[in-house]
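Observations on the model geometry
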Amino acid sequence: EIIGNKEEILSKMTSKQIRDMLIKGDCIEIGSQHKTTTKFSSVERQFKNPSSYKCKTMSDIQSEVEDTKIFILSDSAGAGKTTTFEELTANLKETNKNSWVSFAKLRTHRSIFDSYNKSKDLCLEDVLALLIDIKDLKDKLEVDIFKFLFANDRVILLLDGVDEISPDYNDFMIKIMKILKEK
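Residues numbered from 1 in each chain as written. Predicted model: local features only at pLDDT ≥ 70, side-chain atom pairs only at ≥ 80, totals over all residues. Heavy atoms only, no water.

**Focus: the overall build of the chain**
Quick reminder of the rule: Numbered from the N terminus, helices here are DSSP runs of H or I no shorter than four residues, and strands are runs of E no shorter than two. The contact rule is simple, with two residues in contact once any of their heavy atoms fall within 4.5 Å. Only the protein chains shown count as cover for residues, with accessible areas throughout obtained via the Shrake-Rupley method and a probe of 1.4 Å.
Looking only at helices and strands, one finds 8 helices and 4 strands in the chain. Order of helices (α) and strands (β) in the chain, N terminus to C terminus: α-α-β-β-α-α-β-α-α-α-β-α. Long-range pairs, those at least 24 residues apart, make up 57% of the contacts in the chain between residues at least 6 apart in sequence. Put simply, the chain shows about 12,000 Å² of open surface, and 52% of that area lies on carbon and sulfur atoms.

Here you go:
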């Protein structure tokens, strides 16, 4: 339990410290104030790591990502998926120096999805062009290096927010994942 001024204590903690507390099974109670018409009230949220849930270490997750073509990290909103992706990206960049490791927040690329989503029959070249657009690669050398590494299975993409672009792009994302898996 966090005792004392919770907001002050939590504001000084890093996401990693909070995640580590949850992994250990500590309970974090967060009360956030929101204004109603006449008074302030408190919204309580509790995060507790159930003892039956086996947490994976970052190295476990990293090994799984490196050993598979598609790895899906799924959890409820606010559980720390984005923070985990950011840390995982840094770790993968450190251990895979001959690969292109890239993290993208999909919710910021809806307009790009709109332009590709109209195409009913996606092919690998379309997916590659989409990834180049998402990463905003403009320089010809960068694009050529990305294509070379992609063709040689040396691109690791961490796509965050698949759940946040649903349901508009569910079928589209499934097509992309199938194409990437078959590559």
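**A short note on the packing of aromatic side chains**
The line we're drawing: Each Phe, Tyr or Trp ring, with Trp reduced to its six-membered ring, pairs with another whose centre is within 6.5 Å; inter-plane angles below 30 degrees give stacked pairs, above 60 give edge-to-face pairs, and intermediate values give tilted ones. Remark: exposure states derive from per-residue accessible area (1.4 Å probe, protein chains only) relative to the maximum for the residue type, with buried under 20%, exposed over 50%, and partly exposed in between.
Counted by the stated rule, this structure contains 5 aromatic pairs. Here Phe85 and Phe103 contribute two aromatic rings whose centre-to-centre distance is 6.1 Å and whose plane-to-plane angle is 45 degrees, an arrangement assigned as tilted. Taken together, the residues span a long stretch of sequence, with Phe85 in helix α4 (residues 81-95) and Phe103 in strand β3 (residues 100-105) at a distance of 18 residues. When its relative accessible area of 18% is taken as the criterion, Phe103 is described as buried.

**Observations regarding the pattern of salt bridges**
Here is the rule: Salt bridge criterion: a side-chain nitrogen from Lys or Arg within 4 Å of a carboxyl oxygen from Asp or Glu.
Tallying each qualifying case throughout the model produces 6 salt bridges. When the shortest N-O distance is used, the salt bridge between Lys105 and Glu86 registers 3.9 Å. Taken together, the residues Lys105 in strand β3 and Glu86 in helix α4 connect sequence positions 19 residues apart. Here Lys105 falls in the partly exposed class, since its relative accessible area comes to 28%. Its salt-bridge partner being Glu94, residue Lys97 comes within 3.5 Å of it at the nearest N-O pair. Side by side, Lys97 and Glu94 carry an identical accessibility label, which is exposed.

**Some points on the confidence of the model for the chain**
Put simply, the rule reads: In predicted models, pLDDT denotes the confidence assigned by the predictor to each residue on a 0 to 100 scale.
Per-chain confidence: the chain averages 75 in pLDDT, with 67% of residues scoring 70 or above. Confidence drops under a pLDDT of 50 for residues 30-53, and excluding neighbours within four residues, the segment shows 44 contacts in the predicted structure.

**Describing the environment of Thr82**
For Thr82, the location among the structural elements is in helix α4. The partly exposed category is assigned to Thr82, whose relative accessible area is 23%. On a C-alpha basis, the gap between Thr82 and Leu158 in space is 9.8 Å, while along the polypeptide they are 76 residues apart. Those residues in contact with Thr82 that sit more than four places away from it in its chain are Phe103, Lys105 and Asp160.

**What about the packing of helix α6 (residues 124-134) against helix α8 (residues 170-182)?**
The condition that has to hold: Lines are fitted to the C-alpha atoms to define the axes, a helix being fitted only along its stretch in contact, and any angle between axes, read from their N-to-C directions, falls within 0 to 180 degrees. Oblique is the label for any angle not covered by the other classes, which are roughly parallel (under 35 degrees), roughly antiparallel (over 145) and roughly perpendicular (65 to 115). The sense of a crossing depends on the near helix, which, turned anticlockwise from the far helix by less than a right angle, makes the crossing left-handed and, turned clockwise, makes it right-handed. Three classes are used, and their members are as follows: Ala, Val, Leu, Ile, Met, Phe, Trp, Tyr, Cys and Pro are nonpolar, Asp, Glu, Lys and Arg are charged, and the others, Gly among them, are polar.
Relative orientation of the contacting elements α6 and α8 amounts to 110 degrees, with a least axis distance of 10 Å. By the angle class used here, α6 and α8 are roughly perpendicular. Crossing angle aside, the handedness with which α6 passes α8 is left-handed. Of the residues in α8, those in contact with Leu124, Val127 and Leu130 of α6 are Phe172, Ile176, Ile179 and Leu180. Each residue belonging to the contact of α6 with α8 can be placed in one class, and the counts come to 7 nonpolar, no polar and no charged.

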